[in-house]
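# Architecture at a glance
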Amino acid sequence: FISSKLGQSLVENIFIENSLILSEDGSAQYTGFVAGHLIASKEKKIKVHNSRIDNIAHYTGGVNGRVSGDSDISYIDVDVNISSSTGFPGHSSIGGVTGQSHLYARYENISIKGEIKGNGKHYGGVIGAGRHTYLNNIITTLNISGIDGEALPSECGGAIGKSYKSSSEYFQAWITNSIFFGNINCDGTKD
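As a starting point, this report considers the structure included with it.

### Brief notes about the state of the cysteines
Per the stated rule, a full pass over the model turns up one disulfide. Across a sulfur-sulfur distance of 2.1 Å, C156 and C186 are joined as a disulfide pair. Looking along the S-S bond of the C156-C186 disulfide, the torsion reads about -95°, which is the left-handed sense. A residue pair is termed long-range when its members are at least 10 positions apart, and C156 in strand β14 (residues 154-157) and C186 in the segment after β17 (179-180) qualify at 30 residues. Neither residue differs from the other here; C156 and C186 are each classed as buried.

### Considerations on the pairing of strand β6 (residues 42-61)
Where strand β2 (residues 10-17) and β6 come together, seven bridges link them in parallel fashion. When the bridges of β6 are listed, I14 appears paired with I46. In this structure, strand β3 (residues 20-22) lies alongside β6, joined through three bridges in parallel fashion. Counterpart to I21 in the pairing with β6 is I53. With three bridges joining them, strand β4 (residues 28-31) and β6 adopt parallel strand pairing. Paired with Q29 across the strands is H58, a residue of β6. Strand direction decides the pairing type here: β6 and strand β8 (residues 72-84), joined by eleven bridges, are parallel.

### Considerations on the packing of aromatic side chains
Each aromatic ring pair is characterised by the separation of its centres together with the angle its planes make. In this structure the tally under the stated criterion is two aromatic pairs. Both rings, one in F1 and one in F33, keep their centres 5.1 Å apart while their planes meet at 70°; by these two values the pair is edge-to-face. Here F1 is found in the segment before β1 (3-7), whereas its partner F33 is found in the loop between β4 and β5 (35-39), with 32 residues between them in sequence. For F33, a relative accessible area of 0% puts it in the buried group.

### Digging into a nonpolar patch on the surface
Side chains of I139, I179 and F181 sit close together on the surface and give an oily, nonpolar patch of about 280 Å² of accessible area. Along the chain, the position of I139 falls in strand β12 (residues 127-140). A relative accessible area of 38% means that I139 is categorised as partly exposed.

### Some details on the pattern of salt bridges
Applying the stated rule across the entire model yields four salt bridges. The residue K44 makes a salt bridge to E12 at a minimum N-O spacing of 4.0 Å. You can see K44 sitting in strand β6 and its partner E12 sitting in strand β2, a full 32 residues away along the chain. Judged by its relative accessible area of 29%, E12 is partly exposed. R106 serves as the salt-bridge partner of D70, at 2.6 Å between the closest nitrogen and oxygen. Of this pair, D70 sits in the loop between β7 (64-68) and β8 while R106 sits in strand β10 (residues 98-117), placing them 36 residues apart in sequence. A single salt-bridge network, built from bridges that share partners, covers D70, D72 and R106.

Rules behind the numbers
- Residues numbered from 1 in each chain as written.
- Predicted model: local features only at pLDDT ≥ 70, side-chain atom pairs only at ≥ 80, totals over all residues.
- Heavy atoms only, no water.
- Disulfide = S-S within 2.5 Å.
- Helix = DSSP H or I, 4+ residues; strand = E, 2+ residues; numbered from the N terminus.
- Buried < 20%, exposed > 50% of the residue type's maximum accessible area, 1.4 Å probe, protein only.
- Pairing = 2+ DSSP bridges.
- Phe/Tyr/Trp six-rings, centres within 6.5 Å; stacked < 30°, edge-to-face > 60°.
- Patch = residues over 30% accessible without salt bridge, like charges linked within 9 Å, V, L, I, M, F, W, Y side chains within 5 Å.
- Areas by Shrake-Rupley, 256 points an atom, 1.4 Å probe, with all protein chains shown as cover.
- Salt bridge = Lys/Arg side-chain N within 4 Å of Asp/Glu carboxyl O.

Here it is, written out as structure tokens:
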């Protein structure tokens, strides 16, 4: 809704309500209500309420599709329902705030509720897939489950669906002072 790609930017005091992002063919990537791809930027005081993202494929979150670089995301309040595409194979990285978070992003003072439904992998209450991420003072009641009649998602987590590494770098996540109340109904392999 705000930008497909933001670099070295500040986004502050944004309110999005009763909104819909719909991918007609189910192949949408880098999808979020604020930024498709946020790079080395700050987001503060953002509310996304009673909104939906439907029929998407990869890198999707209630606020950002993908976050990279040294980014700060704080004072976020999200109430969103996200459903992945059933016809697009191998979709991944879907989160309540960010689909994929890459390299030293900080998430603080965040409240998340709603639901993620799909049959892909790397679904997280805050971040779908993350590398070098810091989470502090997070509360989430977001639920993660499958779509009726489809396979269950895999590699799900209340905070991060998958913390990953690239080449020789380590998996790293720092999660402090946070509460996770959501229900996870995934395939159980790495949940």
